[in-house]
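Structural overview
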Amino acid sequence: MTRREAAMANFMKGYNCSQSVVLAFSDILNIDEATLSKLSSSFGGGMGRLREVCGSVSGMFMVAGLLYGYDGPETGQLKADHYARIQELAKRFEEKHGLIVCRELLGLSVRHDVPVPEARTSEYYKKRPCPEIIGDAAEILEQFINEQNEQNS
């Protein structure tokens, strides 16, 4: 199973968009799946259904932070280099989808949605582009990681 397929399958199991992406990379992160799931749980629905930054994008950023981030009160080049990585991931996602904002990706006018998630029914999945968006995020991130690995070889 590809990471794209794994991320999409995670969503279809009921994980939120952010969890779906993060868990698709759990094998290369030095953190157990339960902790990764909790860490990314707040970012579904554009951050707790606030419909802001797409949860799959936040998931990409979390994985990138765990793989390449800094761990201190950095103010210099390490921070700049990491932010450049994050901006590159966002750019690649935007090239595919035009933007990174959940409500706009879903064509919603609501800014802050009710906190209660919709039931995951077949009708829910029919009206949401989320599985494909999540798959795209996982694919973008996997390609980025492969490029980073090639550069560091």
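Residues numbered from 1 in each chain as written. Predicted model: local features only at pLDDT ≥ 70, side-chain atom pairs only at ≥ 80, totals over all residues. Heavy atoms only, no water.

Focus: the pattern of salt bridges
Taken as a whole and assessed by the stated rule, the structure comprises 14 salt bridges. In this structure, Arg49 and Asp113 form a salt bridge, with 2.8 Å as the shortest nitrogen-oxygen distance. Here Asp113 lies in the loop between α7 (102-105) and α8 (122-127) and Arg49 lies in the loop between α4 (44-47) and α5 (55-68), a separation of 64 residues in the sequence. A relative accessible area of 10% means that Arg49 is categorised as buried. Salt bridges linked by common partners bring Arg4, Glu132, Asp136 and Glu139 together as one network. (Salt bridge = Lys/Arg side-chain N within 4 Å of Asp/Glu carboxyl O. Helix = DSSP H or I, 4+ residues; strand = E, 2+ residues; numbered from the N terminus. Buried < 20%, exposed > 50% of the residue type's maximum accessible area, 1.4 Å probe, protein only.)

Side note on the packing of α5 against helix α6 (residues 77-97)
Running from N to C, α5 and α6 point in directions that differ by 150°, and their axes come no closer than 10 Å. The orientation of α5 relative to α6 falls into the category roughly antiparallel. Note on packing geometry: the crossing formed by α5 with α6 is right-handed. Where α5 approaches α6, its residues Ser56, Val57, Met60, Phe61, Ala64, Gly65 and Tyr68 are matched on the opposing element by His82, Arg85, Ile86, Leu89, Ala90 and Phe93. (Axes fitted to C-alpha atoms, helices over the stretch in contact; angles between N-to-C directions. Parallel < 35°, antiparallel > 145°, perpendicular 65-115°, else oblique. Left-handed = near helix turned anticlockwise from the far one by under 90°. Contact = heavy atoms within 4.5 Å.)

What about the environment of Ser26?
As for its position among the elements, Ser26 is in the loop between α2 (17-23) and α3 (33-40). C-alpha separation for the pair Ser26 and Ser37, spaced eleven residues apart in sequence, amounts to 9.6 Å. Every residue in contact with Ser26, bar those within four places of it in the chain, is listed here: Glu33 and Leu36. Engagement of the side chain of Ser26 in a polar contact is seen with the backbone oxygen of Leu23, the distance being 3.1 Å. (Polar contact = N/O pair within 3.5 Å; in protein donor to acceptor, adjacent residues only side chain to side chain.)

Some details on α3
Among the residues making up α3, those that are buried are Leu36, Ser37 and Ser40. When α3 is viewed along its axis, its buried side chains cluster within an angular range of 100° and face the same direction. Residues of α3 that are buried sit in contact with α2, α4 and α5. Capping the start of α3 is the job of one residue whose side-chain oxygen sits 3.2 Å from the backbone nitrogen of Ala34: Asp32. (Arc of directions from axis to C-beta.)

A look at the nonpolar core
Nonpolar side chains in soluble globular proteins tend to be buried together. By size, the foremost hydrophobic cluster in this structure holds 36 residues, and its most contacted members are Phe25, Met60, Phe93 and Leu141. If you list the elements that add at least two residues to this core, you get α1 (3-13), α2, α5, α6, α7, α8 and α9 (130-151). With nine residues, α9 is the single largest residue contributor to this core. Discounting residues that sit within four places of it in the chain, Leu141 has contacts with Val21, Phe25, Met60, Val63 and Leu89. (Core = buried A, V, L, I, M, F, W, Y, C linked by side-chain atoms within 4.5 Å.)

Points about the packing of aromatic side chains
According to the stated counting rule, one finds four aromatic pairs in the structure shown. Arranged with centres 5.8 Å apart and planes meeting at 85°, the rings of Phe11 and Tyr125 form a pair that is edge-to-face. Of this pair, Phe11 sits in helix α1 while Tyr125 sits in helix α8, and the two are 114 residues apart along the sequence. Here the aromatic residues Phe11, Tyr124 and Tyr125 are joined through ring pairs into a cluster of three or more. Residue placement shows Arg120 over the ring face of Phe11; its charged tip is 4.0 Å from the ring centre. (Phe/Tyr/Trp six-rings, centres within 6.5 Å; stacked < 30°, edge-to-face > 60°. Lys NZ or Arg CZ within 6 Å of the ring centre and 35° of its normal.)

Read these as geometric descriptors, not functional statements.
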